[in-house]
Amino acid sequence: QGKDLNSVAFEYDGIKYVAFKLSKDNPLLQFASDWGDKEETITLDAVVTCGINFYKGVAQPQCIIKDFNTTK
């Protein structure tokens, strides 16, 4: 996602989670890039900033991922 394809966004339980400006070797970005190629899951423990995103007149809960650890 994003102009440089270095951001990830997904929705869980009606809340959108977003991580911006990830490095190419970031495990979350690599997982998202490969998603759909294989039946794989990832567990994400994250530190987030929660808020409301207003886009085109629609309000949606959103968490911006600041830091995280992943396990497969």
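Going by the structure above, here's the rest.
Each value, and the rule that gives it
Residues numbered from 1 in each chain as written. Predicted model: local features only at pLDDT ≥ 70, side-chain atom pairs only at ≥ 80, totals over all residues. Heavy atoms only, no water. Helix = DSSP H or I, 4+ residues; strand = E, 2+ residues; numbered from the N terminus. Buried < 20%, exposed > 50% of the residue type's maximum accessible area, 1.4 Å probe, protein only. Contact = heavy atoms within 4.5 Å. Areas by Shrake-Rupley, 256 points an atom, 1.4 Å probe, with all protein chains shown as cover. 1 Å grid on protein atoms, 1.4 Å probe; cavity = no way out; pocket = protein on both sides within 12 Å on 5 of 7 lines; lining within 4 Å. Points joined across faces, edges and corners; volume = space filled by probe spheres on them. Arc of directions from axis to C-beta. Polar contact = N/O pair within 3.5 Å; in protein donor to acceptor, adjacent residues only side chain to side chain. Pairing = 2+ DSSP bridges.

1. As for the overall build of the protein chain
Of regular secondary structure, the protein chain possesses one helix and four strands. Secondary structure elements of the protein chain, listed N to C terminal, follow the sequence β-β-α-β-β. In the protein chain, which comprises 72 residues, the share counted as buried stands at 19%. The contacts of the protein chain with a sequence gap of at least 6 include a subset with a gap of at least 24, amounting to 40%. Just so you have it, the protein chain exposes about 5600 Å², and 51% of that area is on carbon and sulfur atoms.

2. Some words on the layout of surface pockets
The space that makes up the largest pocket amounts to roughly 320 Å³. Around the largest pocket sit Val8, Ala9, Phe10, Glu11, Tyr12, Tyr17, Leu28, Phe31, Ala32, Ile42, Thr43 and Leu44, which together line it. Mapped onto the lining of the largest pocket, the elements with two or more residues apiece are β1 (8-12), α1 (27-34) and β3 (43-55). The biggest single contributor to the lining of the largest pocket is β1, with five residues.

3. Regarding α1
Here α1 has its buried residues at Leu28, Leu29 and Phe31. Buried positions in α1, seen along its axis, are confined to an arc of 160° and lie on one side of it. On its buried face, α1 sits against β1, β2 (15-19) and β4 (58-71). Its side-chain oxygen at 2.8 Å from the backbone nitrogen of Leu28, Asn26 defines the N-terminal cap of α1.

4. Examining the pairing of β4
In this structure, β2 lies alongside β4, joined through three bridges in parallel fashion. Each bridged residue has a counterpart across the sheet, and for Tyr17 the counterpart in β4 is Cys63. In terms of strand pairing, β3 meets β4 through 13 bridges, oriented antiparallel. Residue pairing across strands places Val47 opposite Asp67, the latter belonging to β4. Connecting β3 to the antiparallel partner β4 that follows it, the hairpin turn spans two residues, and Lys56 within it adopts a positive phi of roughly 50°.

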